Amino acid sequence: MPDLNEFTFWNANCVQNPKNCTYPNKTTVTSAASFNEMARFDHVSAEYKGCYRANENFISSDVQCGDIDNDGVCDSKDWITRDDIHRIFDGVPHIISESKNHMKPKGTKPAAPRYHVFWKADKETDPDAYAAFKERLYRHFPFLDKKALDAARYFDGTDKPNAVFYPGTITINEFLDRLEAEEEPPSTDIINEGSRNNTLFQFAVRALKRYGNCEESRKGFRDKANQCRPPLEKDELNGIWKSAMKYYRRIKEQPDYVPPDEYNASEEPQWESPVPFDEVTLPPFPVHALPERVGPYVEAVAEATQTPVDMAGTAALAVMASCIQGRYLVEAKADWTEPVNLYALIVAEPSERKSAVTSLMIKPVNLFEREYNKVHAADVEKSRIQKRILEKRQHSVEDRVAKGKADESELDSIVSEIAKFKELSPMQLYVDDVTPEKLISVMAEQGGIASVISAEGGIFDQLAGGMYSKSVNIDVFLKGHAGDTIRIDRIGRNSESITSPALTLLFAVQPNVLSGLMQNNTFRGRGLTARFLYTVPSTQVGKRKYRTLPIPLEAERQYHSVINNLLDRENNPGTDNPEIITLNEEADKLLEAFATEMETKLRTDYAEFSDWAGKLCGAVVRISGILCRADNNRCSMFLQEDEPLEVNGETMQRAIDLGRYYTEHARAAYMLMGADPIVRKCQYVLKAIRNSGLAELSKRDIMRLCRGFKKADELQPVLNRLCEYGYLAQKPTKMKEGGGRPSSQSYSVNPELFQS
């Protein structure tokens, strides 16, 4: 078990150099003295790839950090001091050091106490989650500097950090969980040494928030203080109350603050219909965003199969990606290129005709592959014969050299021939039921590119080790998406290396398959779930017509012509030297605006699936390249060279429209299929409340009804979500006479819950 009172930092070889990003020196801090020695240099509290500080290089950290500058505090009595900080976080191992500007003017800001604070935390390996926890801290403690909430925060070194090291017994994560539960720890009428400061501080803050700075709050605080063993001195109690008052004054400035008179209003809540957890309104598929020779066929397939257009539209994007992957790169800006392969997942119940849609969309690929292999069958067979001849000659030369009947030059000659020989294989544009190991072999045979297209989800069972292996093997799917080199070394078999892999996946699966994907911690933890474009179309079952319009021949011909043009190798560059698709000025500005918009929402609107949303801009760039190439019907018959491919503003806007569509469907996939565990717990609690028939329950009542929750801390986020969605409403909690533990929080139940 890690030592909670041991902090790990990395420091630089320079001091107060904001341009430096290299932090090579790992230091373990266990005291104020060891921190002061480390903090003489610029330092960070996280490990980064190559020791280079950047959000994208974040590896891990078990230390959370923050700035307290007391900016904007006009009255010195409202300054947050070192003692205030310690009282608030008593029990959490933390270090408080003075910044270089402590009690000095900072720019136009007057002198004030300025601190760096470091808390021991649970180890975190996701930079977005690490930064999101800082946001969570800031929401509760608005005296923290909001400008220092990213995962690549560094601190200037100083000769006089004057640090104080406070040991503790819980991480800042557990501390915040307890705070958000708004429940005192279960127990007793005695507050033991070691928890007195924090317990009294939190009690005082809750009293101030509920009742304001009044005699009722102060009396409750005094009565609570009488439970301390040993008792605290009067000066210490006054200090705790003053710290709570400073904190309360900051809380009152927050836009979501509810004054005590409103908080304690006694009238019954005005109920509205609650937001369903299992129903979401999703945007329609933007058919207009597809190439003009593809959209009509997609709509015709949807009509002929009586399926949502989302299925054929998503399949069309994936099929087009599979046709040109490995042959093009999209240059978003000078230091950022994206390949054009995609991962797509269609989610639909059984009997939704997933196989029929997939077959129609992949039909021209099958025809092209069959015709190509027919034309090149003789070349493939000749290549196999040549390989066998070379192998026989190799064995012959080896024998003669070994017997001294041939010189080394013959061996050099045959080795050179074998090295230069490249065996031809039949074209295999996609596979269906395949293991990860076999997929690597297919990619190696096909020049590093492959596609997996399937109307089933069995491959996820294979990935999770359910069918062919006892261990998880998803590297080929991670590296095949990004284009990272794949190297496989096996005992007794040839090693395989693919330097620039390109893999496209298209699966049409049932919801239970998606649920398994989402709930697999390895898949999500390593980023596999974040790589898919999800579509969760509404069902057509029960509304489908028997007599439908056939697919127009012209629509089919146009779609087939696009796919043939994308597949024709004479019209496309080779995989060894992919063509660069660039953005024009208008497309560049649209992408920049979209990326900026997305970045601001990663910790707010998209926090619950930020791992997916963080990759959306890359997906949009890929889609723009696919649309650009499909819009341009290249032909090798003309003598002149084709114009370089360039994404214009109209094409980029279509890609962004598709990106917005997939954003809402990804949100639904993550929420409905178990990626958000709180949703499942909410449904569990609602079922228990509905069965109880109670119109009002306390938190303890719900704990008794729902034995699956072992601690109140586990239940509180669920109750918060149920209140947010309109199923429950908090009732005011009154403080008990004598300052004892407050009554358990009570909740009113929306009457509509019992009508469903």
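So, how was this worked out
Residues numbered from 1 in each chain as written. Predicted model: local features only at pLDDT ≥ 70, side-chain atom pairs only at ≥ 80, totals over all residues. Heavy atoms only, no water. Helix = DSSP H or I, 4+ residues; strand = E, 2+ residues; numbered from the N terminus. Buried < 20%, exposed > 50% of the residue type's maximum accessible area, 1.4 Å probe, protein only. Contact = heavy atoms within 4.5 Å. 1 Å grid on protein atoms, 1.4 Å probe; cavity = no way out; pocket = protein on both sides within 12 Å on 5 of 7 lines; lining within 4 Å. Points joined across faces, edges and corners; volume = space filled by probe spheres on them. Nonpolar A, V, L, I, M, F, W, Y, C, P; charged D, E, K, R; others polar. Pairing = 2+ DSSP bridges. Axes fitted to C-alpha atoms, helices over the stretch in contact; angles between N-to-C directions. Core = buried A, V, L, I, M, F, W, Y, C linked by side-chain atoms within 4.5 Å. Salt bridge = Lys/Arg side-chain N within 4 Å of Asp/Glu carboxyl O. Polar contact = N/O pair within 3.5 Å; in protein donor to acceptor, adjacent residues only side chain to side chain. Phe/Tyr/Trp six-rings, centres within 6.5 Å; stacked < 30°, edge-to-face > 60°. Lys NZ or Arg CZ within 6 Å of the ring centre and 35° of its normal.

Engineer: Break down the overall build of the chain for me, citing the residues and quoting the values.
Structural biologist: Within the chain one finds 26 helices and 23 strands. Put simply, the chain has 756 residues, and 51% of those count as buried. Sequence separation of 24 or more characterises 76% of the internal contacts of the chain that already satisfy a separation of 6 or more.

Engineer: Before we move on, can you summarise empty space enclosed by the protein with the specific residues and values?
Structural biologist: A probe matching the size of a water molecule, rolled over the atoms, marks out where space remains unfilled. Within the structure shown, the criterion is met by seven cavities of 30 Å³ or more. The space that makes up the largest cavity amounts to roughly 140 Å³. Taken together, 13 residues line the largest cavity, and the ones lying closest to its centre are S322, R327, L429, I449 and R569. Mapped by element, the contributors of at least two residues to the lining of the largest cavity are α10 (309-324) and β14 (449-454). The element that contributes the greatest number of residues to the lining of the largest cavity is β14, accounting for three residues. Of the residues in the lining of the largest cavity, the class split is six nonpolar, five polar and two charged.

Engineer: How would you explain the pairing of strand β6 (residues 94-98) if you had to name every residue and give the values?
Structural biologist: Of all five residues in β6, five are buried; the element is thus mostly enclosed. Burial of β6 is two-sided: the residues H94, I96 and E98 facing one way and the residues I95 and S97 facing the other way are all buried. With five bridges connecting them, β6 and strand β7 (residues 115-124) associate as antiparallel partners. Looking at the pairing, H94 lines up with W119 of β7.

Engineer: Explain the sheet that holds strand β5 (residues 58-68) residue by residue, including any values.
Structural biologist: Hydrogen bonds along the backbone pair up the strands of a sheet, which may run parallel or antiparallel. With antiparallel pairing, five strands are arranged side by side in an open sheet as β4-β5-β7-β6-β8. Each edge of the sheet is formed by a strand with only one pairing partner; in this case those strands are β4 (47-48) and β8 (164-166). Along the sheet, helix α3 (residues 127-140) makes contact with β5 and β7, crossing β5 at roughly 20°.

Engineer: Residues and numbers for the nonpolar core, please.
Structural biologist: Counting 108 residues, the largest nonpolar core has M361, L439, Y534 and W612 as the members making the most contacts within it. Residue contributions to this core peak at 11 residues, all from α10. The contacts of Y534, once residues within four sequence positions are left out, are L345, L514, L517, M518, T529, W612, Y662, H665, A666, A669 and Y670. Among the nonpolar cores identified, the runner-up in size contains 42 residues, and W119, L137, Y138 and Y247 belong to it.

Engineer: Mind laying out unusual backbone geometry, listing which residues take part and the relevant values?
Structural biologist: Each neighbour pair has its own omega, and for R229 with P230 the value is -5°, a cis peptide bond. Following the sequence through the fold, P230 ends up in the loop between β10 (228-229) and α7 (234-252). With a phi close to 55°, N70 is a non-glycine residue in the positive phi region. Turning to its location among the elements, N70 is positioned in the loop between β5 and α2 (82-88). Here the phi dihedral of N162 falls at roughly 45°; this positive angle occurs in a residue that is not glycine. Inspection of the secondary structure puts N162 in the loop between α3 and β8. The exposure class of N162 is partly exposed, given its relative accessible area of 39%.

Engineer: How would you sum up the side chain of T307? Please name residues and give values.
Structural biologist: In this fold, T307 is placed in the loop between α9 (295-305) and α10. If sequence neighbours within four positions are ignored, T307 has contacts with V301, A302, E352, R353, V357 and Q540.

Engineer: So what about the sheet that holds strand β2 (residues 25-29)? Which residues, and what values?
Structural biologist: Reading across the sheet, the three strands line up as β2-β1-β3 and stay open at both edges, with antiparallel pairing between neighbours. Here the strands that pair on one side only, and so sit at the sheet edges, are β2 and β3 (43-44). Looking at chain direction, strand β1 (residues 7-11) and β2 are connected through five bridges and run antiparallel. Each bridged residue has a counterpart across the sheet, and for F9 the counterpart in β2 is T27.

Engineer: Outline the pattern of salt bridges, supporting the account with residue identities and numerical values.
Structural biologist: All told, the structure shown has 29 salt bridges when counted by the stated rule. Two residues, D62 and K120, come together in a salt bridge whose shortest N-O distance is 3.1 Å. In this pair, D62 sits in strand β5 while K120 sits in strand β7, placing the two residues 58 residues apart along the sequence. K120 sits in the buried class, given a relative accessible area of 3%.

Engineer: Go over the environment of K699, please, and point to the residues and values.
Structural biologist: Mapped onto the elements, K699 comes out in helix α25 (residues 699-705). For the pair K699 and L715, spaced 16 residues apart in sequence, the C-alpha separation works out to 8.5 Å. Here Q716 takes part through its side chain, which lies 2.6 Å from a polar atom of the side chain of K699.

Engineer: Run through the side chain of T358, naming residues and quoting values.
Structural biologist: Assignment of secondary structure puts T358 in helix α11 (residues 354-375). Classification of T358 as buried rests on a relative accessible area of 10%.

Engineer: Describe the packing of aromatic side chains, listing the residues and the values that go with them.
Structural biologist: Summed over all chains, the structure comprises 26 aromatic pairs. Residues F368 and Y372 carry aromatic rings whose centres are separated by 6.4 Å and whose planes lie at 15° to one another, so their mutual orientation is stacked. Highlighted residues: F368 and Y372, both in helix α11, separated by four residues, approximately one helical turn. A relative accessible area of 23% means that Y372 is categorised as partly exposed. Residues F507 and F532 carry aromatic rings whose centres are separated by 6.4 Å and whose planes lie at 40° to one another, so their mutual orientation is tilted. Here F507 is found in strand β17 (residues 502-509), whereas its partner F532 is found in strand β18 (residues 532-535), with 25 residues between them in sequence. Both residues of the pair, F507 and F532, count as buried. Grouped by ring-pair contacts, the aromatic residues Y343, F507, F532, Y534, Y606, F609, W612 and Y670 constitute a single cluster. Positioned over the ring face of F7 is K120, at 5.9 Å from the centre of the ring.

Engineer: I'd like a description of the layout of surface pockets, backed by residues and values.
Structural biologist: Roughly 1400 Å³ of volume is contained in the second largest pocket. Looking at the lining of the second largest pocket, the elements with two or more residues in it are β11 (328-333), β12 (336-339), α11, α12 (377-402), α14 (436-445) and β16 (496-498). No other element matches α12, which puts seven residues into the lining of the second largest pocket. In the lining of the second largest pocket, the residues fall into 19 nonpolar, 17 polar and 14 charged.

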